[in-house]
Amino acid sequence: MPRIPVPDVLLRVLGRQLGGPSGPLGALVARMLNKGNATTVAAAVDALALTGGETVADIGFGGGLGLDLLLDASGDTGRVHGVEPSADMLDRARRSHRDAVASGRLELHEATMSALPFADGALAGWISVNTVYFVDDLDVAFRETARVLAPAGTGVIGIADPAWMGRQPFTRHGFTLRPVADVVAALAAAGLDVEHRTLGDRDPVFHLLVGTRPSVRR
């Protein structure tokens, strides 16, 4: 059966929604993100190796799955921050995580990776999955994410393989796809020691870039 081409206007809408879900369609995209990113988000949280009581963040949390996993991993005495530029996703998270917000275990912020609302060294760890496609300047963003990490703190970037992403027609709209090596280099330039891990052996392979802030600044 011949493949039916998707109209460009629909691809533009999808690209825009993936970069910042909003409205009724955004709710559907949020559920899709939670399902499609589940393995990568879980692996990113595992890579933080939390033992309980830490202050951590999900930067660009989208559908909110990472918030749930970080709340579980950081335990009753931990504190989780959710950072998200989409006002609709923030409202969704306030509703779906009402108890955690009310108790103070979860704090939500309307902000971007390039301007985080945290003091220097405030976080033991953070995750950010499938977000860097929408970041204009990685050097600025990664300096900011490194700034908020405590000494020996860990940040995890998750991205789908750029070659696979480049074959998806929706990525022509609002996505910046970079070689994995460029993303690793930007993390290292921000002062992080980077370990590159891969998930899966079939398309799309996902890349976890685990960056650790040295105990002593270089």
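Below, the structure is looked at part by part.

Cut-offs and rules
- Counting from 1, residues in each chain are numbered in the order their sequence is written.
- Per-residue local features of the predicted model are confined to residues with pLDDT of at least 70, and side-chain atom pairs are confined, for both listing and counting, to 80 or more; whole-chain, interface and lining totals are unaffected and use all residues.
- To obtain the side-chain values, all non-hydrogen atoms of the structure were used and water was disregarded.
- The numbering of helices and of strands both runs from the N terminus, where a helix is a DSSP run of H or I of at least 4 residues and a strand a run of E of at least 2.
- Using a 1.4 Å probe on the protein chains alone, a residue whose accessible area is under 20% of its type maximum counts as buried, one over 50% counts as exposed, and one in between counts as partly exposed.
- Only heavy atoms matter for contacts: two residues are in contact if any of them lie within 4.5 Å across the pair.
- Only the protein chains shown count as cover for residues, with accessible areas throughout obtained via the Shrake-Rupley method and a probe of 1.4 Å.
- In what follows, salt bridge is the name for a side-chain nitrogen of Lys or Arg lying within 4 Å of a carboxyl oxygen of Asp or Glu.
- We treat two strands as partners when DSSP finds at least two bridges between them.
- With its strands directed away from the observer, a crossover is right-handed exactly when the path from the first strand over the helix to the second travels clockwise.
- The axes used here are C-alpha line fits, helices contributing only the stretch in contact, and every angle between their N-to-C directions lies in the interval 0 to 180 degrees.
- For this classification, under 35 degrees means roughly parallel, over 145 means roughly antiparallel, 65 to 115 means roughly perpendicular, and everything else is oblique.
- Definitions for this section: a left-handed crossing has its near helix turned counterclockwise from the far helix by less than a right angle. A right-handed crossing has that turn clockwise.

To continue, consider the overall build of the protein. Check the secondary structure of the protein and you find 9 helices and 7 strands. In the protein, which comprises 218 residues, the share counted as buried stands at 48%. At a minimum sequence separation of 6, the contacts of the protein that also span at least 24 residues come to 73%. Accessible surface computed for the protein: about 10,600 Å², of which carbon and sulfur atoms make up 54%.

Using the criterion set out here, one finds 6 salt bridges in the structure. The salt bridge involving Arg 94 is made with Asp 91; its shortest N-O contact spans 2.7 Å. Here Arg 94 pairs with Asp 91, and both are found in helix α5 (residues 87-96), just 3 residues apart, close to one helical turn. For Arg 197, the salt bridge is made with Glu 195, and the minimal N-O distance between the two is 3.1 Å. Given a relative accessible area of 31%, Arg 197 falls into the partly exposed group. Taken together, the shared-partner salt bridges connect Asp 120, Glu 144 and Arg 147 into one network.

Within helix α3 (residues 38-48), the full set of buried residues consists of Thr 40, Val 41, Ala 43, Ala 44, Val 45, Ala 47 and Leu 48. Just past α3, the residue Ala 49 takes up positive phi, approximately 50°.

A few words on the pairing of strand β1 (residues 55-59). For β1, the tally of buried residues reaches 4 of 5 residues, placing the bulk of the element in the interior. Here 5 bridges tie β1 to strand β2 (residues 79-83), and the two strands are oriented parallel to one another. Bridge assignment links Ala 57 to a residue of β2, and that residue is His 81. Regarding the hand of the β-α-β motif, the stretch spanning β1, helix α4 (residues 65-74) and β2 is right-handed. Sheet analysis places β1 next to strand β4 (residues 123-129), joined by 3 bridges and oriented parallel. Following the sheet pairing, Ala 57 is matched in β4 by Trp 126.

This part is about the packing of α3 against α4. Running from amino to carboxyl end, α3 crosses α4 at an angle of 30°, the nearest separation of the two axes being 10 Å. Here α3 lies roughly parallel to α4, going by the angle between them. α4 is crossed by α3, and the crossing has right-handed handedness. Counted together, Ala 38, Val 41, Ala 42, Val 45 and Leu 48 of α3 and Leu 65, Gly 66, Leu 69, Leu 70 and Ala 73 of α4 form the full contact between these two elements.

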